Amino acid sequence: MGISNEKLQHLSWRAGFGQLTSAKEPDLQKLVRNLIRHNHTKPDAISTQESVELVQNNYTYSQIKADASLRKLIAQKNRDGIKNLNILWLKEMFTTNRPLREKMSLFWHGHFACRVQNVSHQEKLLQIIRENALGNFGDLLTAVSKSASMLAFLNNQQNKKQHANENFGREVMELFTMGRGNYTEKDVKEGSRAFTGWAFNKEGDFVFRQNVHDDGQKTFLGKTGNFDGDDILKILLEHKATAHHITEKIYRFVVNDTPDEQLIADLAEKFYHSNYHIGNLLETIFTADWFYDKKNIGARIKSPVELIVGMERKVPATFANDNALLLFQRTLGQVLFYPPNVAGWPGGKDWIDSSTLLYRMRLPQIVYASEEFNIRPKPMPEEMDNSYTSSNIHDDLQKKEFMNRAYKNKVKVTANWDAFLDKFTAISSEALPKAVADDLLVNLPQIVNTSLLEKYAVAYNHPTEIKKMAVNLMSTPEYQLC
């Protein structure tokens, strides 16, 4: 089956961030197969200097406990390290030739939402997700569940035989596998007993502490035995509710926020019988005729990270201060490694409110047209530098002075338009508006407000004018969709 430009645009956003490096393949089946197989190589780990230094210093518990200044230093290293990890991962998304892997890693980063102030632990969790993003869901689930980040975030270090803590066991069932309504409170209690003893050592490696494990009989989802945590995960994977829950979330992420129950049921059945192979599920979706129905094209609101990465892959920009990328995420409401809670970012229409829509539409002007940044970032998250909040500055003049001092110099950008402009060198002036719109907008120019194109229907044969037109199109509500 061949692939039209419209279908390619749709696929490029759902399987990446708007541009596929292997998009020259004219056959859809081969293109999708190559996209998935191209990701089989293990990705290089993303590592920060702060994490390396903390590991090399190898401070002991007694050193840390006895020295308040050392604790402060370590906290600052972790805080800076996670900021840098955020930027490094974002830059990997900007330039990778394996966009599907990073796109699905972004999905799993939200599914396995985790917020801990330990950069080494966060690096390990990110690598687990990137290595397994297109592989076997059971392997991914087990590796994430045994990561120091998740065990710490969900308090399983405190889950002991004598004092059970049900937080970890509950979220594994509610968020990571079956979803609500498919288990009882007794299952939560019994499953949590099985996870007692799951912990991690100082290096962040998983350890099983037999002395605090409850080795008694447990009855979980109708089965009885001397279960441990691995047994519980296997039982959860045996239930088709897990396949359905994961399939529905992936469907919402790559197809449409409005679920089609019959399609999801069919996909979940195949996912279950493929032994939870994520790549096979995606191949089935991306090669299906219904995936390219008009109702699915331009039906999703780009997440803030998708918006930022999509712009960067379209017109690369070099920032004088990379902290601008953190500022954009804060203002738009999605900061990598700082999910709002264990359920992750809600997504969909929740990405948009009156302030974020305004900022989304101004972002291209700020990045590519040097417009002044004078927007108030959201007061989040507490662990990051948060000196400017909605509560501590009210006066407009004071606000302007603060913004100039804090952010103006951070948003100095050098944009590289060469590759973008090269695509239009052979196109006539009359055809340029539609050609540029075709390149930037996935929701098909024929359904875009035609007055928008007519507004720019003048001689766009000068690179400066093409840039203006592109920036203006990227500043439209239509550009927020993918």
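Before any of the text, the structure's been laid out above.
Summary of the structure given here. Small disclaimer: the values here were computed from a predicted structure and weren't measured.

To continue, consider the overall build of the protein. Of regular secondary structure, the protein possesses 23 helices and 6 strands. Working note: accessible area of the protein is about 21,200 Å², and carbon and sulfur atoms make up 49% of it.

This part covers helix H3 (residues 49–57). Owing to its 3.6 residues per turn, the α-helix aligns residues three or four sequence positions apart on the same side. Those residues of H3 not exposed but buried are Glu50, Ser51 and Leu54. Projection of H3 onto a plane perpendicular to its axis shows the buried side chains occupying an angular sector of 100°, all on one side. Here the buried face of H3 lies against helix H5 (68–95) and helix H7 (119–132).

Another point: the environment of Pro364. Mapped onto the elements, Pro364 comes out in helix H18 (residues 354–368). Residue classification places Pro364 among the buried residues on the basis of a relative accessible area of 0%. Once you skip the residues sitting within four places of it in the chain, Pro364 turns out to touch Met311, Ala369, Val471, Met474 and Ser475.

So, on to the packing of helix H13 (residues 240–254) against helix H14 (residues 261–273). In contact at an axis separation of 8 Å, H13 and H14 are set at 120° when each is read in the N-to-C sense. With respect to each other, H13 and H14 are oriented oblique. Of the two possible hands of crossing, H13 and H14 adopt the one that is right-handed. Here Lys240, Ala243, His244, Ile246, Thr247, Glu248 and Tyr251 of H13 lie close against H14, whose contacting residues are Glu261, Leu263, Ile264, Ala265, Leu267, Ala268, Glu269, Phe271, Tyr272 and His273. Within the contact of H13 with H14, the residues separate by chemical class into 10 nonpolar, 3 polar and 4 charged.

The next subject is the pattern of salt bridges. In the structure shown here, the tally under the stated rule is 24 salt bridges. Between Lys42 and Glu131 there is a salt bridge, and its shortest N-O distance comes to 3.7 Å. Highlighted residues: Lys42 in the loop between helix H2 (28–37) and H3 and Glu131 in helix H7, separated in sequence by 89 residues. Taking relative accessible area as the criterion, Lys42 reaches 60% and is therefore assigned exposed. Salt bridges here are not isolated pairs; linked through shared partners, they connect Glu166, Arg170, Glu185 and Lys189.

Let us look at the packing of aromatic side chains. Overall, the coordinates contain 22 aromatic pairs when judged by the stated rule. Measuring from ring centre to ring centre gives 4.9 Å for Phe112 and Phe176, while their planes differ by 65°; the resulting arrangement is edge-to-face. In this pair, Phe112 is assigned in the loop between helix H6 (99–111) and H7 and Phe176 in helix H10 (residues 167–176), connecting sequence segments 64 residues apart. Members of the aromatic cluster, each reached through a chain of ring pairs, are Phe107, Trp108, Phe112, Phe137, Phe176, Phe253, Phe271, Tyr272 and Tyr276. Across the ring face of Phe17, the terminal group of Lys103 is positioned such that the distance to the ring centre comes to 5.3 Å.

Bringing unusual backbone geometry into the picture now. Phi at Asn58 takes a positive value of approximately 50°, unusual for a residue other than glycine. Along the chain, the position of Asn58 falls in the loop between H3 and helix H4 (61–66). We classify Asn58 as partly exposed; its relative accessible area is 43%. Backbone geometry places Phe337, a non-glycine residue, at a positive phi of 75°.

Turning our eyes to something else, we now look at the nonpolar core. Counting 70 residues, the largest nonpolar core has Leu11, Met104 and Trp108 as its most contacted members. Excluding its chain neighbours within four sequence positions, the residues that come into contact with Trp108 are Ile129, Ala133, Phe137, Leu140, Ile246, Ile250 and Ile278. One finds Leu54, Leu70, Leu327 and Leu332 within the second-largest nonpolar core, a separate group that totals 58 residues.

Each pair of packed helices gets described by two things: the angle between the helix axes and the distance between those axes. At a minimum axis distance of 9 Å, the contact between H5 and H7 shows a crossing angle of 25°. By the criterion of interaxial angle, the relationship of H5 to H7 is roughly parallel. Here Asn78, Gly81, Ile82, Leu85, Trp89 and Glu92 of H5 lie close against H7, whose contacting residues are Val119, Gln122, Glu123, Leu126 and Arg130. Of the residues that constitute the contact of H5 with H7, the class distribution is 5 nonpolar, 3 polar and 3 charged.

Once that is clear, we can look at helix H15 (residues 278–286). Within H15 the residues assigned to the buried category are Ile278, Gly279, Leu281, Leu282, Ile285 and Phe286. Taken end-on, H15 shows its buried residues confined to a sector of 160°, consistent with a single buried face.

Here Glu306 is to be found in helix H16 (residues 304–314). Of note is the side chain of Glu306, whose polar atom sits 3.0 Å from the side chain of Lys103. Those residues in contact with Glu306, other than ones at most four positions away along the chain, are Trp13, Phe17, Lys103, Leu106, Phe253, Arg300 and Ile301.

Cut-offs and rules
Residues numbered from 1 in each chain as written. Predicted model: local features only at pLDDT ≥ 70, side-chain atom pairs only at ≥ 80, totals over all residues. Heavy atoms only, no water. Helix = DSSP H or I, 4+ residues; strand = E, 2+ residues; numbered from the N terminus. Areas by Shrake-Rupley, 256 points an atom, 1.4 Å probe, with all protein chains shown as cover. Buried < 20%, exposed > 50% of the residue type's maximum accessible area, 1.4 Å probe, protein only. Arc of directions from axis to C-beta. Contact = heavy atoms within 4.5 Å. Axes fitted to C-alpha atoms, helices over the stretch in contact; angles between N-to-C directions. Parallel < 35°, antiparallel > 145°, perpendicular 65-115°, else oblique. Left-handed = near helix turned anticlockwise from the far one by under 90°. Nonpolar A, V, L, I, M, F, W, Y, C, P; charged D, E, K, R; others polar. Salt bridge = Lys/Arg side-chain N within 4 Å of Asp/Glu carboxyl O. Phe/Tyr/Trp six-rings, centres within 6.5 Å; stacked < 30°, edge-to-face > 60°. Lys NZ or Arg CZ within 6 Å of the ring centre and 35° of its normal. Core = buried A, V, L, I, M, F, W, Y, C linked by side-chain atoms within 4.5 Å. Polar contact = N/O pair within 3.5 Å; in protein donor to acceptor, adjacent residues only side chain to side chain.

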